[in-house]
Amino acid sequence: MSLLQARDVRMFYGTFCALDGVSLSIEAGQFVSIIGPNGAGKTTLVNVLTGLLAPTSGSVRFKGVDVAGLGPGRLARLGMARSFQLVSVFPALTVGETLAVPIVSRRRHGARLFAALAGDRATWDEVAETAALFGLADKLARPARTLPQGDKKLLDVASAFALRPEVILMDEPTSGVSTSDKHAIMETLVGAAARMGIQAIIQVEHDMDIVFGYSDRIVALHQGRVLADATPDAVRADERLIDTVVGRSYSSGAGRPW
Amino acid sequence: MARTAGGLAALAVLAAPWVAPPYHLTLLLPAFAYGIVLLGLNLLFGTTGLLSFGHALFVALGAYTAAALTTGLGVLHLEAILAAAAGAAALVAVPLGLLCVRYVKIYFGMLTLAFGMLFYSFLYKFYTLTGGDEGIRVLRPLLLGRAFGDLGKVEFLIGPFYYYALALLAVATLVMWRVVRSPFGLCLRAIRENPDKAAAVGVSVRRYRFYAFVIAAVFGAVGGALLAVPTGLADPLLAYWTHSGNLVFMLLLGGFDHFLGPLVGALVFILLQDTVMSLTAYWRFVFGAILAVVVIFFPRGLLGLLDPRAGRSA
C-alpha cells in the first residue's frame with residue numbers, strides 16, 4: 001500500500017486553477033522531486049499534501065487518513081513532517097534545545113510541567129545523535145541565531161527529521177544556500193534520512209543538479225497538471241519535457257536553468 | 001558571582017526582621033506578594049511571549065477571595081484562603097484563557113485589558129456583593145492554624161506573617177523554576193521564539209499557551225491574596241488597568257528575560273515607589289521618566305545590567 005496518496009486533486013484560488021486533477025502515489029523507499037516552472041503549482045501541491053490547504057476537490061490520504069485540515073501537530077504524530085522554503089529556527093534557543101523540541105513533542109513529554117528536562121538522558125542522547133548526523137555536534141550550545149546560514153538550514157531540516165517521520169516533505173531544502181554548500185547539505189540529508197528510518201522524501205527543487213543527482217522519481221508539474229511522472233533517466237531523455245519544464249539550458253549543460 | 005549575590009540576598013531577607021526597622025519590613029511584604037504575581041506573569045510574557053495588560057484581574061480576584069472568606073464566611077486559615085484563591089483563579093482563567101490565547105501580540109494584550117476592566121467595573125458597580133469603591137475588609141488570618149493573638153498588628157505582620165510570606169515566595173520560586181526548566185518550559189520558549197516553527201515540529205501551540213495562562217493566573221491570585229493581608233482591604237483599584245500596567249513595569253524594571261527578574265522588579269519597584277512618594281507629590285511623573293529610561297537604555301532590566309550575555313532579540 002502506498003504511504004501517501006493524492007487522488008484527482010483540484011485546487012482553485014478564486015477562478016485561478018492552481019492544481020488541475022493531480023494524482024500521485026508515494027511509496028516507501030522513494031525520493032521524489034517535484035519540479036516545474038514558477039507558478040506550476042509546486043508549493044500548492046506540497047501545501048495540499050501536508051493538509052495545510054484543503055483541496056477544492058479530490059482527496060489526500062496519508063496511511064489511509066485524510067490529511068485535509070489535520071494541522072501540523074497531528075500530522076507529525078501520524079508520521080509526516082515538513083520543512084519550509086524559508087529558513088525557520090528558534091533564534092534564542094541553542095542548537096541542542098532546538099533539536100530537543102521535536103523529540104519532546106514526539107515523546108509527548110511537552111505537558112510535563114515539573115519534570116527536569118536537563119536530567120532527561122534519553123532526550124539529550126537523541127539530541128546528540130541527531131546533531132551528529134547533521135554535523136552540528138560541536139555547536140549544541142550555540143544559539144541558533146549565531147549560526148551561519150548553511151547550518152541554520154541544516155538545523156531547520158534536522159528538527160523536522162527529529163520527529164522521525166515516515167515521510168518528509170521539503171520545500172527547496174537548499175534554497176538560500178550557496179551553490180558550493182548545496183551538495184554537502186543534500187548528502188547530509190540523504191544520509192540522515194537513511195539512518196533515521198525515514199521511508200520517503202518528497203522535495204520541491206529548482207536546482208536540476210540536485211534533482212537529477214538525488215531523486216529516483218521526478219514529478220514534473222506544468223500549469224497545475226502532472227506533465228510527467230518518471231525516473232530521472234526517462235525525464236532527461238524527453239527533450240520536449242525538458243524544454244517545457246526544465247528549460248533548454250539544462251540539456252545543453254550550461255548551468256542553472258533559470 | 002550571581003550565586004553569591006543570590007545567597008547574600010536570601011540571607012538579608014531572612015535576617016531582616018532582627019535588624020531592619022518595622023517600616024521597611026512592612027514594605028517587603030507587598031514585594032514578596034508581587035514577586036509571586038510576577039513569577040506567574042513572566043511565565044506568560046518572558047517565557048511564552050504573551051504580554052497581558054489585564055493580569056491585575058487575578059491579583060484582585062485573589063484579594064477578594066481573601067476578603068470574602070475572612071469577612072464573609074469567617075474562614076481564617078490562610079492556607080485555605082490561598083487554596084481558594086488558586087481555585088478561583090483557575091476557574092476564571094479557564095474560560096478567559098480559552099478565549100484570549102486564540103489571539104497574540106496586541107490583540108491578546110487588548111483582550112486581557114478588556115477583561116480586566118470588565119472585572120473592575122463589576123467590583124465597582126455591584127455594591128451589595130463587592131462593597132463598591134469601599135471594597136471589603138480582609139481580616140487577620142490564622143497562619144498554620146495559629147492566631148498569634150498576643151501580637152499587635154505590626155508585630156504580627158513583621159514577625160510570623162513575614163516568614164510565612166517569605167516561605168510562600170520561596171516555594172513559588174522553586175515551583176516556577178521547575179516549570180521553566182521542564183519539557184513544557186522548553187516548548188513555551190519555542191512558542192515565544194517562533195510559533196509557526198513550534199507547530200511544525202509538533203508543539204500544540206494554543207494548548208500550551210492556555211496552560212501558561214492558567215498557571216500565571218493561579219500565581220497572580222495567590223500573590224493577590226497574600227498582598228491583601230497587610231493592606232487589610234480588597235478594593236476595585238486592584239483590578240484597574242494601571243495596576244496591570246504597574247505589573248508590566250515591574251517586569252521591565254527587573255528584567256523579563258532573567259528568571260529572577262520578577263523578584264528584583266517587585267522589590268525595587270516597591271522600594272522606589274516608597275522613596276519617590278516621600279520626596280515628591282509628582283511621583284507618577286518620576287516613575288514615567290524612570291520607565292522611559294529603562295526601556296530606552298536598559299531594555300533587559302536591572303538583571304540585564306549584571307549579565308554580559310547579548311540580549312536575545314539582538
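Each remark here, short or long, concerns the structure printed above.
Predicted, not measured: the structure shown is a model, and the values here were computed from it. (Residues numbered from 1 in each chain as written. Chains lettered and ligands numbered in written order. Predicted model: local features only at pLDDT ≥ 70, side-chain atom pairs only at ≥ 80, totals over all residues.)

**Student:** Account for the overall build of chain B, naming residues and giving values.
**Tutor:** Each helix and strand in chain B was counted, giving 14 helices and 2 strands. By the compact-globule yardstick of 20 Å for 314 residues, chain B fits well, its C-alpha radius of gyration being 19 Å. Reported as C-alpha extents along the three principal axes, the dimensions of chain B are approximately 60 × 45 × 40 Å. Counting over 314 residues, chain B shows a buried share of 48%. Restricting to contacts in chain B with at least 6 residues of sequence separation, those with at least 24 account for 78%. (Helix = DSSP H or I, 4+ residues; strand = E, 2+ residues; numbered from the N terminus. Rg over C-alpha atoms; globule rule 2.2 N^0.38 Å. Buried ≥ 20, exposed ≤ 12 C-beta atoms within 10 Å, placed from the backbone. Contact = placed C-beta atoms within 7 Å.)

**Student:** So what's going on with the overall build of chain A? Residues and values would help.
**Tutor:** Counting its secondary structure elements, chain A contains 10 helices and 10 strands. In terms of overall size, chain A behaves like a compact globule, its C-alpha atoms giving a radius of gyration of 19 Å where 258 residues would be expected to give roughly 18 Å. Here the C-alpha coordinates of chain A stretch approximately 60 × 40 × 35 Å along the principal axes. Within chain A, buried positions represent 46% of all 258 residues. By sequence separation, contacts in chain A at least 24 residues apart represent 67% of the contacts at least 6 residues apart.

**Student:** Describe in detail the sheet that holds strand β8 (residues 200–204) of chain A, supporting the description with residues and values.
**Tutor:** All names here are of chain A. Read from one edge to the other, the open sheet built from 6 strands follows the order β6-β7-β8-β3-β9-β10, with strand pairing classed as mixed. Edge strands, defined here as strands with exactly one partner in the open sheet, are β6 (80–83) and β10 (225–230). Going from strand to strand, the sheet's axes swing by 15 degrees on average, the running direction of each strand aside. (Pairing = 2+ DSSP bridges. Axes fitted to C-alpha atoms, helices over the stretch in contact; angles between N-to-C directions.)

**Student:** With reference to specific residues and values, describe unusual backbone geometry.
**Tutor:** At Asp8(A), a residue that is not glycine, the phi angle is positive and equals roughly 45 degrees. Unusually for a residue other than glycine, Lys105(B) sits at a positive phi of about 55 degrees. Looking at the secondary structure, you find Lys105(B) in helix α5 (residues 105–125).

**Student:** Talk me through helix α10 (residues 205–231) of chain B; I want residue IDs and the actual numbers.
**Tutor:** Think of an α-helix as turning once every 3.6 residues; residues three or four places apart then point the same way. Residues and elements named next belong to chain B. Over its 27 residues, α10 extends 39 Å from the first C-alpha to the last, a length consistent with the 39 Å expected when each residue adds 1.5 Å. Taking burial as the measure, the 27 residues of α10 include 23 buried ones, the bulk of the element. The first or second residue beyond α10 is glycine 232, which carries a positive phi of 70 degrees. (Expected span 1.5 Å × (residues − 1).)

**Student:** Account for the environment of Met250(B), with residues named and values stated.
**Tutor:** All names here are of chain B. Its place among the elements puts methionine 250 in helix α11 (residues 241–254). Residue class for methionine 250 comes out buried when judged on the 29 C-beta atoms lying within 10 Å of it. Sequence separation between methionine 250 and glycine 301 is 51 residues, and the spatial gap between their C-alpha atoms is 9.3 Å. In this structure methionine 250 touches Tyr34, Leu38, Gly265, Ala266 and Phe269, once residues within four positions along its chain are discounted.

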